[in-house]
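For reference, the chains in residue letters:
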Amino acid sequence: MTPPRAGYEASYSRSAANWDPHIAHFTTFGERLVELADPRPGERVLDVGAGRGACLFPAAERVGPQGRVHGVDLAEGMVECLAADIAERGVRNATAGRMDAQTLTVPDASYDLVTSAFTLFILPDPAAAAAGFLRALRPGGRCAVSVPDGPLRPAGLHDIEALCHSYARRLNGGAAPVGMPDFELDPAALLAEAGFTGVEATEEVREFVFPSVDAWWEWTWTVNVRAFYERLPPPLLEELRREAFALLTPLVTDKGLPAVAGARYATAVRPAAPGLRRRM
Ligand SMILES: C[S@@+](CC[C@H](N)C(=O)[O-])C[C@H]1O[C@@H](n2cnc3c(N)ncnc32)[C@H](O)[C@@H]1O
């Protein structure tokens, strides 16, 4: 078993309280994943890497009082915030718990639908997670997953990503960066390889507007890049921040700082039987 990628659990725990500020990026993509997953009244849904409930809340609304949604996440801080959100919103058909996506401890065939938004790409062993999704579903149950097509692009540019990579190489003595998420992950291929059938892939790009460059910087502290920022010595982090601001400040319009982000989605079905493939 591959352990969770070092640093992510703690950094996601720290980002949980100020999750996704200014642009509701995760809410937008999570709601879209739920639309594609199409949960039906009365269904049992498992949301893996639930975060602050981008999928959990819209799924809970769709399954209604006879259904239920269980959101699991590795980061303790995230689970605590999500449980508080559920209580505060008075959502009675949703629960939150701590679990590693790569070693799901739910009974076999206990869910009708598994959703997982923007989580597989940060796992060291996404195939183990996909195998767990298959096992957790009843025969004929559905799975819907998404991954980002790359880091969010402020002003539509890849420059900030390149800037972070250059700092990662400096941190790593000039070698290629390690421990970065896998933005190349093909979720449709992953599900097919795990033994799912009826796999369908969709790609979409969305536009967002940050009120300012400061707002964009604050937002980046809530995504996976935070784990990288936290590894940089403070003077290097400050240098990176200044370079990023110098690049982006001239690109602010009267509306704010535009940004583009995309997602790859895949939906699939657990074959009726037999279907479970043995992992070597
Ligand atoms: C980019 S966030 C997405 C959260 C949520 N699905 C959404 O769309 O807003 C990734 C989430 O995966 C969680 N995570 C990271 N590694 C995990 C693991 N091994 N098992 C379960 N959750 C994990 C993080 O704590 C974080 O909440």
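All of these numbers come straight from a predicted model, not from anything done at the bench.

Novice: Would you take a moment to explain the layout of surface pockets for this structure?
Specialist: One water molecule sets the probe size; rolling that probe over the atoms shows where empty space is left. Here the second largest pocket defines a volume of roughly 290 Å³. Lining the second largest pocket are 14 residues, with T27, R52, G53, A54 and R89 positioned closest to its centre. Listing elements by their share of the lining of the second largest pocket, those giving two or more residues are α2 (25–37), α3 (56–63) and α4 (76–89). Tallied by class, residues from the lining of the second largest pocket come to six nonpolar, two polar and six charged.

Novice: How do you make sense of helix α10 (residues 234–248) when you look at a structure like this?
Specialist: Each α-helix winds once per 3.6 residues, and so residues spaced three or four apart point in a common direction. Helix length check: α10 (15 residues) gives 21 Å between terminal C-alpha atoms against 21 Å at 1.5 Å per residue, within 8%. Turning to α10, its buried residues are L236, L237, L240, A244, F245 and L248. Buried residues in α10 make contact with β6 (153–154), α6 (159–171), α8 (213–220), α9 (225–229) and β8 (257–269).

Novice: Looking at this structure, how should I read α8?
Specialist: Among the eight residues that make up α8, six are buried, leaving the element largely enclosed by the rest of the structure. Every buried residue belonging to α8 is among V213, A215, W216, W217, W219 and T220, and all of these are buried. Its side-chain oxygen 3.4 Å from the backbone nitrogen of D214, S212 forms the N-cap of α8.

Novice: I keep staring at the packing of aromatic side chains and nothing clicks. Help me out?
Specialist: Remark: the centre distance and the inter-plane angle together describe each pair of aromatic rings, the angle taken between the planes. One pass over the full model with this rule turns up 14 aromatic pairs. Considering the side-chain rings of F26 and F118, the 6.0 Å spacing of their centres and the 80° angle between planes classify their relative orientation as edge-to-face. One end of the pair, F26, is in helix α2; the other, F118, is in the loop between β4 (111–117) and α5 (126–136), and 92 residues separate them in sequence. By relative accessible area, which is 8% here, F118 ends up buried. With a centroid separation of 6.2 Å and an interplanar angle of 75°, the aromatic rings of W217 and W221 are classed as edge-to-face.

Novice: Quick question: what am I supposed to make of the state of the cysteines here?
Specialist: What is meant by a disulfide is a covalent connection between two cysteines, made through their sulfur atoms. What the rule picks out here adds up to zero disulfides. With no disulfide of its own, C55 lies closest to C143 among cysteine sulfurs, the gap being 11 Å.

Novice: I would appreciate a short explanation of the environment of A273 in the present structure.
Specialist: Inspection of the secondary structure puts A273 in the segment after β8. The exposure class of A273 is exposed, given its relative accessible area of 63%. Linking A273 and V223, residues 50 residues apart in sequence, is a C-alpha distance of 39 Å.

Novice: Any chance you could explain the UniProt feature "domain: Methyltransferase" (unreviewed entry) in the protein chain here in plain terms?
Specialist: Sites flagged by UniProt as "domain: Methyltransferase" (unreviewed entry) map to residues 45–141. Taken end to end, residues 45–141 is 34% helix and 28% strand, and its two terminal C-alpha atoms sit 10 Å from one another.

Novice: Help me out: how do you make sense of the site of the ligand in this one?
Specialist: Contacts to the ligand come from 19 residues, most closely from G49, D73, D100, A101 and A117. Note that a nitrogen atom of the ligand is positioned 2.8 Å from one of the side-chain N or O atoms of D100. Within the backbone of A117, a nitrogen or oxygen atom sits 2.9 Å from a nitrogen atom of the ligand. Burial of the ligand by the surrounding chains reaches 98%, relative to a free accessible area of 590 Å². When grouped by side-chain class, the residues that make up the shell around the ligand number 14 nonpolar, three polar and two charged.

Novice: For this particular structure, what's the right way to read the packing of α5 against helix α7 (residues 187–194)?
Specialist: Taken N-terminus to C-terminus, the directions of α5 and α7 make an angle of 60°; their axes are 9 Å apart at the nearest point. Of the possible angle classes, the one that applies to α5 and α7 is oblique. The hand of the α5/α7 crossing is right-handed. Contacts between α5 and α7 involve P126, A127, A130, A131 and L134 on the former and, on the latter, L190, L191 and A194.

Novice: What's the story with the pairing of strand β5 (residues 137–148) in this structure? I'm lost.
Specialist: Regular strands show a simple pattern: their side chains alternate between the two faces of the sheet. Counting buried positions along β5 yields nine of 12 residues, so the element is predominantly enclosed. Sheet topology places β4 next to β5; six bridges connect them, and they run parallel. If you follow Y111 over to β5, its bridge partner there is L137. The handedness of the β4 to β5 crossover, carried by α5, is right-handed.

How each quantity is defined
Residues numbered from 1 in each chain as written. Predicted model: local features only at pLDDT ≥ 70, side-chain atom pairs only at ≥ 80, totals over all residues. Heavy atoms only, no water. 1 Å grid on protein atoms, 1.4 Å probe; cavity = no way out; pocket = protein on both sides within 12 Å on 5 of 7 lines; lining within 4 Å. Points joined across faces, edges and corners; volume = space filled by probe spheres on them. Helix = DSSP H or I, 4+ residues; strand = E, 2+ residues; numbered from the N terminus. Nonpolar A, V, L, I, M, F, W, Y, C, P; charged D, E, K, R; others polar. Expected span 1.5 Å × (residues − 1). Buried < 20%, exposed > 50% of the residue type's maximum accessible area, 1.4 Å probe, protein only. Contact = heavy atoms within 4.5 Å. Polar contact = N/O pair within 3.5 Å; in protein donor to acceptor, adjacent residues only side chain to side chain. Phe/Tyr/Trp six-rings, centres within 6.5 Å; stacked < 30°, edge-to-face > 60°. Disulfide = S-S within 2.5 Å. UniProt positions renumbered as here; feature names shortened; annotations may be inferred. Near = heavy atom within 4 Å. Areas by Shrake-Rupley, 256 points an atom, 1.4 Å probe, with all protein chains shown as cover. Axes fitted to C-alpha atoms, helices over the stretch in contact; angles between N-to-C directions. Parallel < 35°, antiparallel > 145°, perpendicular 65-115°, else oblique. Left-handed = near helix turned anticlockwise from the far one by under 90°. Pairing = 2+ DSSP bridges. Right-handed = clockwise from strand over helix to strand, strands pointing away.

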